[in-house]
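# A structural walkthrough
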Amino acid sequence: MTTEILLPKIGFSMNEGTLTEWLVADGASVTEGQPLYALESDKSVQEVESPATGTLKIVAEIGKMYQVGDLLAEIG
């Protein structure tokens, strides 16, 4: 089973955010609750945790802006 990593809505007015850093390499094993990436929105940067355990497959690129709900990666 694959878990999609979608850009979360952090805060009431957030519609988009910039992916600033992957904290785990593509193809690496991750555990639920482990920090996956850093997201900049509304002039703050937050680390977002993994919702599942498995192998990370990165889809999104660092430095690009994404809309809430966009696919960033998958965990399988």
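Every value quoted in this text rests on a predicted model; they were computed, and no experiment measured them. (Residues numbered from 1 in each chain as written. Predicted model: local features only at pLDDT ≥ 70, side-chain atom pairs only at ≥ 80, totals over all residues. Heavy atoms only, no water.)

## Concerning the sheet that holds strand β1 (residues 3-6)
Which entries qualify depends on this criterion: Between any two strands, at least two bridges found by DSSP are needed for them to pair. Secondary structure elements follow DSSP: runs of H or I no shorter than four residues count as helices, runs of E no shorter than two count as strands, and numbering proceeds from the N terminus.
Pairing within the open sheet is antiparallel, and its four strands lie in the order β1-β8-β6-β3. Among the strands making up the open sheet, the edge pair consists of β1 and β3 (29-30).

## Notes on the sheet that holds strand β5 (residues 44-49)
Quick reminder of the rule: Lines fitted to C-alpha atoms define the axes here, with helix axes fitted over just the stretch in contact, and angles between the N-to-C directions of these axes take values from 0 to 180 degrees.
Taken together, the four strands give an open sheet; going across it, the order is β5-β4-β2-β7, and neighbouring strands pair in antiparallel fashion. Each end of this open sheet is capped by a strand with a single partner; those strands are β5 and β7 (65-67). The average undirected angle you get between the axes of adjacent strands in this sheet is 40°. Where strand β4 (residues 35-41) lies against β5, six bridges are found, and the strand directions are antiparallel. Bridged to L39 within β5 is Q46.

## Describing the nonpolar core
Spelled out, the test is: By nonpolar core is meant a set of buried Ala, Val, Leu, Ile, Met, Phe, Trp, Tyr and Cys residues that side-chain atoms within 4.5 Å join together. Burial classification: accessible surface area is computed with a 1.4 Å probe over protein chains only, and a residue below 20% of its type maximum counts as buried, one above 50% as exposed, and the rest as partly exposed. We call two residues contacting when some pair of their heavy atoms lies within 4.5 Å.
Within the largest apolar cluster, 18 residues are counted, with the highest numbers of intra-cluster contacts made by I5, W22, L36, Y37, L56, L72 and I75. Residue assignment for this core shows that the elements contributing at least two residues are β2 (16-22), β4 and β8 (71-75). Excluding anything up to four places from it in sequence, W22 contacts L36, Y37, L56, I58, A60, I62, L72 and A73.

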